[in-house]
Amino acid sequence: MTATYDALIIGAGQAGPPLAERLTAAGMSVGLIERKLFGGTCVNTGCIPTKTLIASAYAAHLARRATEYGVSIGGEVAVDMKAVKGRKDMVSTRARRGVESWLERMERCTVYRGHARFVSPREVQVGSDRITAKYIFINAGGRALIPELPGIDRVATLTNTSILELDALPRHLVVVGGSYVGLEFAQMYRRFGAAVTVVERAPRLIAREDDDVSAAVKEILEAEGIVVRLDAECIRFEPRGAEIAVGLACASGAPVVVGSHLLLAVGRRPNTDDLGLDEAGVETDARGYIIVDDELRTSAPGIWALGDCNGRGAFTHTSYNDFEIVAANLLDGERRRVSDRIPAYALYIDPPLGRAGMTEAQARATGRPLLVGRRPMSRVGRAIEKGETKGFMMAIADAETHHILGAAILGTGGDEAIHGILDGMNARISYTVLQRSVPIHPTVSELIPTLLGEMQPVSSQSS
Ligand SMILES: Cc1cc2nc3c(=O)[nH]c(=O)nc-3n(C[C@H](O)[C@H](O)[C@H](O)COP(=O)(O)OP(=O)(O)OC[C@H]3O[C@@H](n4cnc5c(N)ncnc54)[C@H](O)[C@@H]3O)c2cc1C
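None of these values were measured; they are calculated from a predicted model.

1. Concerning the state of the cysteines
Here a disulfide denotes a covalent bond joining the sulfur atom of one cysteine to the sulfur atom of another.
Line of reasoning, step 1. For the structure on display, the rule yields one disulfide.
Line of reasoning, step 2. Residue Cys109 stays outside any disulfide, its sulfur separated by 18 Å from that of Cys309, the closest cysteine.
Line of reasoning, step 3. Not engaged in a disulfide, the cysteine Cys309 finds its nearest cysteine sulfur in Cys42; these two sulfurs lie 15 Å apart.
Line of reasoning, step 4. In this structure Cys309 comes out as buried when scored by relative accessible area, which is 0%.

Shown next as C-alpha cells:
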C-alpha cells in the first residue's frame, strides 16, 4: 500500500526537521524518513561532539598554562578520556533526542525509521512502506570519504564518526588530511596528551585559505608539538606490529611515520549513491552531488535537494539556510537564492579562524582595485589581557565601492568577532560605516573599525 503526503522529507539533518515544522504549520501533511541518527552529522558526528571535545581540550590546555596566569594547580594536569567522552556523549545525545522528540510530537508529521530509496519518479520505498508526495525534499547529507590509498585495507582506520567512540588516549594519532576536520582533531588530541602527526599531500595546510593563514595555523599547531608533514605525495599504509606505518614520500624528513591510530580526514562524499536517484530522474555531478538550481530545485520536477548533498555548502548554517530559502520560496512567495549567500565559516582550532567572503587571493583574482588591512592579535588589547595573542585579523574592501569583500580573524574570539564584519557585508554597507561605529572595550571586535581604517591600497595583480 502506498501512503500519500503533501510533502516527503528524506533525512533528519539540519534542513529536514525545520522544513517539516514550517510545512506542517502551513497545514501540509509530511512524511519524514531517517535511517540512522536524528539530527544527522552536526548533532551526532560533526559540530556538536567535536566542539564539546574541543572545550575539554581547551580546559586541559589552559590548566597546563595556569602558572602563566598566577594560578597553581598543584600537580600534573590529567585528562580522563572516559569522562571527556561521557561529557561529549551527554551533550550530543541530548541534542539528538531533542530533534527526535520534536519530530515525533509534530502535528501532521509522520516519522519513518529506515533507509529511503526512490523506486519511481514519485515513489519512495522505506522498509515495507511506499510513500508518495507532491513535494519531495532530499536532505541526505554526507559521510567521510575513504580514499583509495595503497594498503588502506590492511590497517585499522578511524573516521570522524568512529574516532568519537575512543575513550582511551592514543599513543600517537596520525591524521591524514590537513584541512578543517583533520586539524580540529589533531589539536584536540594533542591537548589530551597524545603525540600527533598531520600528514597532508598539499604543500600547505588548509590550502583553500590564504598563504599567510595556512602558515600561521601551522605555526600555532607546531608550537603545541604537533608534527606537520606537508608534500606527502605518496601516502600509503602498512601494519607494523599492532601499529600503523604511514609512508609519506615527503620532500624532506623521515619517509615513514608510525602511529598507534590513524584518522582519515581527506574530505566528504554525499549520501546519494544509494538513494535510487536514477529512478526519480534526479541528476548528480561527477562527484555524486545532486545538481540544483539557485532555488535548490533538482532536475526532477517537484524534488528539491538541501544541505551537504547538493554541494552548495558544507556547513550546518548553509544547510539551515537552504531550508530558509526553500520555505520562503514555497510558502511565502519570495524568490530567495543560494547565490545571495555570503560564504562564512570557522575553523575551530584554538585560537579559531573566523572567515567571511573572499580570501585575499580570490579578491586579487577579480582584478578590482583593493584596500587591505592586517593587524596581529599581539596588538589587540583583549587578546593580550587573556594571554592569547596568536594569529592576526585581516580585511579586504573594494577600493571603489567601499564594500567589504572578505575577512579573516585568526585569533581568540575570532569565530564570534568575524560576525561584526559579516553583518556589514550582508547589509552591503560601505566599510566606512563600520569604521565609524563605537565598539565595546575591551573586545576583539573593537579593533575592527581600526583595522578597516588602516586598510591600504594594494594592486590586485600582485600577490
Ligand atoms: C567532524 C565534523 C565537524 C564539523 N563541524 C562543523 C562546524 O563546527 N560547523 C558547521 O557549520 N559545520 C560543521 N560540520 C559540517 C556539518 O556537520 C554538516 O555540514 C551538516 O551536518 C550538514 O547537514 P545536512 O542537513 O546537509 O545533512 P546531515 O546532517 O548529514 O543529515 C543527513 C541525514 O540524512 C540521513 N540519510 C541519509 N541518507 C538517507 C536515506 N537514504 N534514507 C533516510 N535517511 C537518510 C542521515 O542518516 C542523516 O541523519 C562538521 C562536519 C564534520 C564531519
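2. Regarding the sheet that holds strand 8 (residues 172–176)
Line of reasoning, step 1. The four strands are arranged 10-9-8-14 in an open sheet whose pairing can be described as parallel. Two strands bound the open sheet, and with one partner strand each, they are strand 10 (227–229) and strand 14 (261–264). Each strand of the sheet is rotated relative to its neighbour by a mean of 20°, with strand direction disregarded.
Line of reasoning, step 2. Of the pairings in the sheet, the one linking strand 8 to strand 14 comprises four bridges and is parallel in character. Residue pairing in the sheet places Val175 in a bridge with Leu263 of strand 14.
Line of reasoning, step 3. Seen against the sheet, helix 5 (residues 180–192) touches strand 8, strand 9 (195–199) and strand 14 and runs at an angle of roughly 165° to strand 9.

3. A short note on the pairing of strand 19 (residues 370–376)
Line of reasoning, step 1. Most of strand 19 sits out of view: five of its seven residues are buried.
Line of reasoning, step 2. In the sheet, strand 19 pairs with strand 20 (residues 392–398) via seven bridges, with the strands oriented antiparallel. Residue Gly373 lies in a different strand from strand 20, and its bridge partner there is Ala395.
Line of reasoning, step 3. Note that strand 19 and strand 22 (residues 456–458) share three bridges and pair antiparallel. Of the residues in strand 22, the one forming a bridge with Leu371 is Pro457.

The rules behind these values
- Residues numbered from 1 in each chain as written.
- Predicted model: local features only at pLDDT ≥ 70, side-chain atom pairs only at ≥ 80, totals over all residues.
- Heavy atoms only, no water.
- Disulfide = S-S within 2.5 Å.
- Buried < 20%, exposed > 50% of the residue type's maximum accessible area, 1.4 Å probe, protein only.
- Pairing = 2+ DSSP bridges.
- Helix = DSSP H or I, 4+ residues; strand = E, 2+ residues; numbered from the N terminus.
- Axes fitted to C-alpha atoms, helices over the stretch in contact; angles between N-to-C directions.
- Contact = heavy atoms within 4.5 Å.

Coordinates in, geometry out; function isn't part of it.
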